[in-house]
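In case you want the letters, here they are:
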Amino acid sequence: MDDSRILKETLRYLGYGNGQPDGRTEDLLHQCMEELKRACSFRHICRTVPLELDQDHIVTELFRTESRNLGKNLKGCSSVLIFAATAGPGPDQLIQRYEKIRVSRAVVIQAMSAAMIEEYCDCLNRGWKEDFEKKGQYLRPRFSPGYGDFPLECQKNILAGLEAGKRIGLTLTDSLLMMPSKSVTAVIGISESRQLCVLSGCEACEKTDCEYRRN
Amino acid sequence: MDIRKELKERILFFDGGMGSLLQERGLKAGELPETWNQKRPEVVTEIHKEYLLAGCDIVTTNTFGANRLKYQDQVPEIVRAAVENARQAVEEAAVLTGKCGYVALDMGPTGKLLKPMGDLDFEEACHIYQEVVIAGTMAGADCILIETMSDGYEAKAAVLAAKENSSLPVFVTMTFDEKGKLLTGGDAVSAVALLESLGVDALGINCGLGPVQMEPVVKEILRTASVPVIVNPNAGLPRSEGGKTVYDIDAAAFAGEMKKLVEAGAAMVGGCCGTTPEHIRQLVTLCSGIKPVPLVKKNRTFVTSWSHAVEIGEDPVIIGERINPTGKSKLKQALRENNITYLLEEGVTQQENGAHILDVNVGLPDIDEPEMMVRTVKELQGVTDLPLQIDTSNIEAMERAMRIYNGKPLINSVNGKQESMEAVFPLVKKYGGVVVALALDEQGIPETADGRIQVARKIYEKAAEYGIEKKDILIDALCLTISSDSRGAITALETLKRVKEELGGQTILGVSNISFGLPQRGIINSVFFSMALQNGLSAAIINPNADGMMQAYYSYRALAGLDPQCGGYIERYGSQAAEKATSLPGEEKSLGECVEKGLRENAVTVVKKLLEQKDPLEIIQEEMIPALDRAGVRFEAGTLYLPQLLMCAEAAKAAFELIKDKMLSRGEVEQKKGKIILATVKGDIHDIGKNIVKVLLENYSYEVIDLGKDVPPEMVVETAEKEQVRLVGLSALMTTTVPSMEETIRQLHQKLPEVKIMVGGAVLTKDYAETIGADCYCKDGMASVKYAESLFS
């Protein structure tokens, strides 16, 4: 995992825009990085399953749903890789600790652990991309429940189908929050042809005035 | 035959995987396996029978996920059907083999994380398991297997439910990773200590790993456990092949690896995911002739938290005494004002200073002690991973805290009085724990060590009647202040030595009592502490923030050969001189600068000096508030960022604490501008935004009533009414929880139309906030301060 990318994303989540942290904040960032590296236990689980796609209707072994955004993302794919990844309970435990006694540290850990799980997923994605390309298959950008009109409700079946609770300790609350909170589930389309990719994740979101929006 | 008895005589075999066999027979992806107990009972029975014919002794019912979260009110029927299927298989197999197998009622995790990390309440978890236990026991199961647990707290809920509702033997297996950790972070030793103290009949490991990867964890468990150990691994590690999960070792290799674990001492073995009747057949063939390794009592004393165990034995441990209102007016005030943050800070400071266990005593005449104890224990376990000492003479407080405690606690205390032992020992037996036993009885505190040793013997004997072992009792040798009893120290020291040497027990002492009534108590305390350590003290209740005490402790360990290469001593004291030097330049700065720059330690140093010359109110008006305002303005202008704003708030808060102390000592009370309720709405368990707002508002002299997270609308309304609050702040992070924010606003407007509501959170916008009826949308923490200022000025 690339520390400099994690730091850059952490600052973006903290609202720095183009601003730079001062010396004290830099110290804090480095301390949090060390603490998080000890606390995180990254785990993931994935399955590749066939995809039936009819416009917005998406059917896989794990979930079925209707979503225009996801349909567009998966167009031309015959199967999908579905995965769940988590940084484990460590970051949540640290956040829970520090938000009571040192909230400045809590916000940095909150932002940085979010950046770390994203970076972990990026690393996984790069590995998968290589593996599949060897087989002549190409991956789409990952797309998560809650992005655009991909219903959050699908989390239930995805996590159950992956046995995420038993395998990597990832659970859902009644309001569909993932716990541990620094976790990601996503669908990655697999196609036989290389295709320039449609927008994903942040860029696919319709909230264009978001202060955290990339680029 | 009784399974407990049989366990002593030979290796017992569990069955293997169920899910993949059901899938082979047509269970579809996404279809819940437990439904087949009723839909396809013949298939389930057939699988059980295959395992029995392969030679297993115990079949586990197809009830892994049979709980009310998935099956609502159908749980009893499903469980009954599942037990009947297993029983049917046992009977059919017995005809063929002449051997009668056992039926284990299988219970897996609920699939939800318990509070405070998740949203499942501990008692709710107990109820979920209770339902399964009752149905399974009535249907005729022979034992209960709680399995694939990755959270000790959830395992505790399941074991309590089993013990409270059934007399069947209880077995528990947990899932560890290659590093020997549970998915929730706990280690193997703490899991073993917890489960043994809850009185399980056997414990061990299942799922997650294959037998090869399990070996180190199994050996760790065998070194720690005094009860039989279970090992039910997967058929190696999984990989995905053509969309299917396959495992990497075959039946013969599985059996070969398992043989090593049986020879190392595993007493009950079987398989989990990916294992089949063939795996079990080969396992039984290879291992049924092996004589079980005899069980050895380990006699190790452990207290645990959710993450780790602290061993009390040769190497003395420190119990931080600061969370105890006796003689501490600030703590008393914090308890009366429900100011839990103060207690949490006391806890964290003691941990930073080297405490291994934290004493928790919240007894005050005018508060609801059981309620406060439960809350404090829960909150402390949220911020610290240290084990706690539940310190109370209120039996209700003791029981309720022991019940919800996440781990095996230290209990303070029992004594030699009949009444005390009869009240405390049943709790220790039921909930598990190590208990402090004061060497006194109906006759009072014996004057001599002889007398105290006699009481200790009596306590050990009585505890044994309850099945509590000597290792789980710490004898408090009691020290009376030398200012009134010149032999106070000598008697205590002799008692320590004799408990260790004559009785082979562990000891504890509240060290600082020795100097009560004397000047400069720290001087006497640290010397007496050294003497006590020398005489065999195992656990010391002291103030870890007192340098002299910690110096005595680290020196003793280095001198007594308990600190290899003096590593602990050097780590503690090697770099101290250098640190002091670096903090000096900051002292030149003004208080305002320290606050604005977020230099907390410097702000404290400067305000101390300032308070000697200047009026507290003047300091607030002339230094603190302007600095906070300057930071606020810069934050809004985008030249100062959130971490800096918060460091600034924390520096201010630390300075305010000292200013408040000063005012208190002069009999003045800090004037609050108004009361504000803050809450994270129901369903939402992300609390950080609300906590940011809280710190900022408190710095601007508002009294914040913090209702926490996942707060029901009714509770917000009720508190607003009772406390006559004019402003309520609500936070919600997810689109899924905004509806409960809307509902809270609706109820507030309906019952208390005069109350203003400000809202904030990631998914909210100004428009959205207006739509759901909020009076003010706060895009960040400073916006809430502004709104409050406009409302209350």
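Each chain has its residues counted from 1, following the order in which its sequence is written. The naming scheme follows written order: chains are lettered A onward, ligands numbered 1 onward. The predicted origin of the model limits local features to residues at a pLDDT of at least 70 and limits the giving and counting of side-chain atom pairs to 80 or more, whereas totals for whole chains, interfaces and linings rest on all residues. The basis for the side-chain values is all heavy atoms of the structure; hydrogens and waters are excluded.

Novice: Just checking my understanding: could you explain the domain arrangement of chain B for this structure?
Specialist: For interface size, the figure often reported is the accessible area lost on association. Residues and elements named next belong to chain B. The domain boundaries assigned to chain B delineate domain 1 (3-287), domain 2 (302-574), domain 3 (585-665) and domain 4 (674-792). Distance from the C-alpha centre of domain 2 to the C-alpha centre of domain 3: 38 Å. Contacts between the two partners involve 4 residues from domain 2 and, on the opposite side, 4 residues from domain 3. Each of two parts loses accessible area, computed with a 1.4 Å probe, when they are put together; buried area is these two losses added. Summing both partners gives a buried area of about 280 Å² for domain 2 against domain 3, and 37% of it is carried by carbon and sulfur. Together, Lys330, Gln333 and Glu345 form the three largest contributors to the area buried by domain 2 at its contact with domain 3, with a combined 84%. Put simply, a salt bridge is a Lys or Arg side-chain nitrogen that is within 4 Å of an Asp or Glu carboxyl oxygen. At the boundary of domain 2 with domain 3, the tally comes to 3 salt bridges. Across the pair Lys330 and Asp661 runs a salt bridge, and its minimum N-O distance is 3.1 Å. Distance and chemistry together define a polar contact, namely a pair of N or O atoms within 3.5 Å, with one atom able to donate a hydrogen and the other to accept it when in protein, and with adjacent residues in sequence counting only for side-chain atoms on both sides. Across the contact surface, domain 2 and domain 3 share 2 residue pairs in polar contact (both at pLDDT 80 or more). The numbering of helices and of strands both runs from the N terminus, where a helix is a DSSP run of H or I of at least 4 residues and a strand a run of E of at least 2. Elements with a minimum of two residues in the side of domain 2 that touches domain 3: helix H13 (329-336) and helix H14 (340-352). Taken together, the residues of the side of domain 2 that touches domain 3 sort by class into no nonpolar, 2 polar and 2 charged. Where each domain starts and ends comes from a domain assignment, either automatic or drawn from a database. Residue contacts follow a heavy-atom distance rule, with two residues in contact if any of their heavy atoms lie within 4.5 Å. Residues are grouped as follows: nonpolar covers Ala, Val, Leu, Ile, Met, Phe, Trp, Tyr, Cys and Pro; charged covers Asp, Glu, Lys and Arg; every other residue, Gly included, is treated as polar.

Novice: When you look at the interface of chain A and chain B in this model, what are you seeing that I'm missing?
Specialist: If you look at the interface, chain A gives 46 residues, while chain B gives 54 residues. Carbon and sulfur atoms make up 59% of the surface buried where chain A meets chain B, a total of about 4,400 Å² over both sides. One salt bridge in this structure joins Lys100(A) and Glu379(B), with 3.2 Å as the shortest N-O distance. On inspection of chain A and its partner chain B, the count reaches 15 residue pairs in polar contact (both at pLDDT 80 or more). Listed by contribution, the elements that provide at least two residues to the side of chain A that touches chain B are helix H2 (23-39), strand S1 (43-50), helix H4 (90-101), helix H5 (103-134), helix H7 (164-168) and strand S7 (171-172) of chain A. With 8 residues, the single largest contributor to the side of chain A that touches chain B is H4(A). Across the side of chain A that touches chain B, the residue classes tally to 17 nonpolar, 15 polar and 14 charged.

Novice: Mind showing me how you'd approach the pairing of strand S11 (residues 301-304) of chain B here?
Specialist: Residues in a regular strand point their side chains to alternate faces of the sheet. Neither face of S11(B) is open: one carries Thr301(B) and Val303(B), the other Phe302(B) and Thr304(B), and all of them are buried. By definition, two strands form a pair when at least two bridges between them are found by DSSP. Hairpin connection from S11(B) to strand S12 (residues 309-312) of chain B: 4 residues lie between these consecutive antiparallel strands. Exposure is judged per residue with a 1.4 Å probe applied to protein chains only, and the accessible area is read against the type maximum: over 50% gives exposed, under 20% gives buried, and values in between give partly exposed.

Novice: Can you help me understand the packing of helix H8 (residues 152-165) of chain B against helix H16 (residues 395-404) of chain B in this one?
Specialist: All names here are of chain B. To get an axis, fit a line to the C-alpha atoms, keeping to the stretch in contact for a helix; angles then go from 0 to 180 degrees between the N-to-C directions. One can describe the packing of H8 onto H16 by two numbers: an axis separation of 10 Å at closest approach and a directional angle of 120 degrees. The angle between H8 and H16 places the two elements in the oblique class. In contact with Tyr153, Lys156, Leu160 and Glu164 of H8, H16 contributes Met402, Arg403 and Ile404. Counted by class, the contact of H8 with H16 contains 4 nonpolar, no polar and 3 charged residues. Any angle from 65 to 115 degrees is called roughly perpendicular, while one under 35 is roughly parallel, one over 145 is roughly antiparallel, and all others are oblique.

Novice: Could you clarify how one ought to interpret empty space enclosed by the protein in this entry?
Specialist: The method is simple in principle: a probe with the dimensions of a water molecule rolls over the atoms, and the space it marks as empty is what remains. For cavity detection a 1 Å grid was placed over the protein atoms alone, and a set of points counts as a cavity when a 1.4 Å probe fits there but cannot get out; an open set counts as a pocket when protein lies on both sides within 12 Å along at least five of seven lines, with lining residues being those that have an atom within 4 Å of a point. Grid points are joined across faces, edges and corners, and a volume is the space filled by probe spheres set on the points. Tallying each qualifying case throughout the model produces 5 cavities of 30 Å³ or more. Space inside the largest cavity adds up to approximately 170 Å³. Residue lining of the largest cavity: 15 residues in total, with Asp92(A), Ile95(A), Ile685(B), His686(B) and Asp687(B) positioned closest to the centre. Ranked by the residues each element gives to the lining of the largest cavity, the list is headed by H4(A), at 4 residues. By residue class, the composition of the lining of the largest cavity is 6 nonpolar, 4 polar and 5 charged. Estimates place the volume of the second largest cavity at around 70 Å³. In terms of lining residues, the second largest cavity is bounded by Val192(B), Ala193(B), Glu196(B), Thr224(B), Ser226(B), Lys298(B), Asn299(B), Arg300(B), Phe302(B), Lys408(B) and Lys471(B).

Novice: How do you make sense of a negative patch on the surface when you look at a structure like this?
Specialist: All names here are of chain A. Within the patch definition used here, like charges are joined within 9 Å and nonpolar side chains (Val, Leu, Ile, Met, Phe, Trp, Tyr) within 5 Å, considering only residues with over 30% relative accessible area and no salt bridge. Using a 1.4 Å probe, the Shrake-Rupley method yields the accessible areas, and only the shown protein chains count as cover for residues. Here the positive residues are Lys and Arg and the negative ones are Asp and Glu; neither His nor the chain ends is included. Every charge is mapped onto a representative atom, which is NZ of Lys, CZ of Arg, CG of Asp or CD of Glu. A contiguous patch of negative charge, built from Asp54, Asp56, Glu66 and Asp149, is present on the exposed surface. Position of Glu66 relative to the elements: it lies in strand S4 (residues 64-66). The class of Glu66 is exposed, set by a relative accessible area of 51%.

Novice: Which parts of the structure should I look at to understand the sheet that holds strand S1 (residues 12-13) of chain B?
Specialist: Strand-to-strand pairing in sheets goes through backbone hydrogen bonds, with the strands running parallel or antiparallel. All names here are of chain B. Ordered in space as S1-S10-S7-S6-S5-S4-S3-S2, the 8 strands form an open sheet in which the pairing is parallel. This sheet does not close on itself; its edge strands, each paired only once, are S1 and strand S2 (58-60). Two strands pair when backbone bridges link them, and S2 and strand S3 (residues 102-107) are joined in this way by 3 bridges, in the parallel orientation. Bridging across to S3, Thr60 finds its partner in Ala104. Relative to strand S6 (residues 202-206), helix H10 (residues 211-224) is tilted by about 165 degrees, and along the sheet it contacts S6 and strand S7 (229-232).

Novice: Help me out: how do you make sense of the pairing of strand S17 (residues 434-438) of chain B in this one?
Specialist: Residue and element names in this part refer to chain B. Judged by how many residues are buried, S17 sits mostly within the fold: 5 of 5 residues are covered. What you see with S17 is no split at all: Val434, Val436 and Leu438 on one side and Val435 and Ala437 on the other are buried throughout. In this structure, strand S16 (residues 410-415) lies alongside S17, joined through 5 bridges in parallel fashion. Note that in S17 the partner of Asn415 across the bridge is Leu438. For the handedness criterion, the strands are oriented away from the viewer, and a crossover whose path from the first strand over the helix to the second runs clockwise is classed as right-handed. Tracing the backbone out of S16, into helix H17 (residues 418-431) and back to the parallel element S17 gives a crossover that is right-handed. Summarising the sheet, S17 and strand S18 (residues 473-476) pair through 4 bridges and their orientation is parallel. Looking across to S18, one finds that Ala437 is bridged to Ile475. Handedness of the crossover joining S17 and S18 through helix H18 (residues 449-465) is recorded here as right-handed.

Novice: Is there a simple way to think about the pattern of salt bridges in this case?
Specialist: Side-chain pairs of opposite charge can arise where the charged atoms are in close proximity. Residues and elements named next belong to chain B. Under the defined criterion, the tally for this structure stands at 75 salt bridges over all chains. Put simply, Arg40 and Glu42 hold a salt bridge, and the shortest N to O gap is 3.0 Å. Exposure remark for Arg40: the relative accessible area of 31% places this residue in the partly exposed category.

Novice: I would appreciate a short explanation of the packing of aromatic side chains in the present structure.
Specialist: Given two aromatic rings, one states the distance between the centres and the angle between the planes to describe the pair. In this analysis, rings of Phe, Tyr and Trp, with Trp reduced to its six-membered ring, are considered paired at centre separations within 6.5 Å, and the interplanar angle assigns stacked below 30 degrees, edge-to-face beyond 60, and tilted for intermediate values. Summed over all chains, the structure comprises 12 aromatic pairs over all chains. Relative to Tyr641(B), the ring of Tyr16(A) has its centre 3.8 Å away and its plane inclined at 20 degrees; by these criteria the two rings are stacked. Here Tyr16(A), found in the loop between helix H1 (3-13) and H2, pairs with Tyr641(B), found in the loop between helix H26 (616-637) and helix H27 (642-665), and the two come from separate chains. Taken together, a centroid distance of 5.3 Å and an interplanar angle of 80 degrees make the contact between Tyr553(B) and Tyr554(B) edge-to-face. The buried category is assigned to Tyr554(B), whose relative accessible area is 13%.

Novice: Explanation requested: the nonpolar core in the structure shown.
Specialist: Considering soluble globular proteins, one finds that nonpolar side chains tend to be buried as a cluster. One finds Ile221(B), Val231(B), Phe529(B), Leu591(B) and Leu697(B) to be the most contacted residues of the largest nonpolar core, which totals 269 residues. Sort the elements by how many residues they give to this core and H5(A) lands first, with 15 residues. Excluding residues that lie within four positions of it along the chain, Leu591(B) makes contacts with Ala603(B), Val606(B), Val607(B), Leu610(B), Ile619(B), Glu623(B), Met624(B) and Ala655(B). Grouped together as the second largest cluster of nonpolar side chains are 32 residues, Leu51(A), Ile158(A), Leu162(A) and Leu176(A) included. To define a nonpolar core, start from buried Ala, Val, Leu, Ile, Met, Phe, Trp, Tyr and Cys residues and group those joined through side-chain atoms within 4.5 Å.

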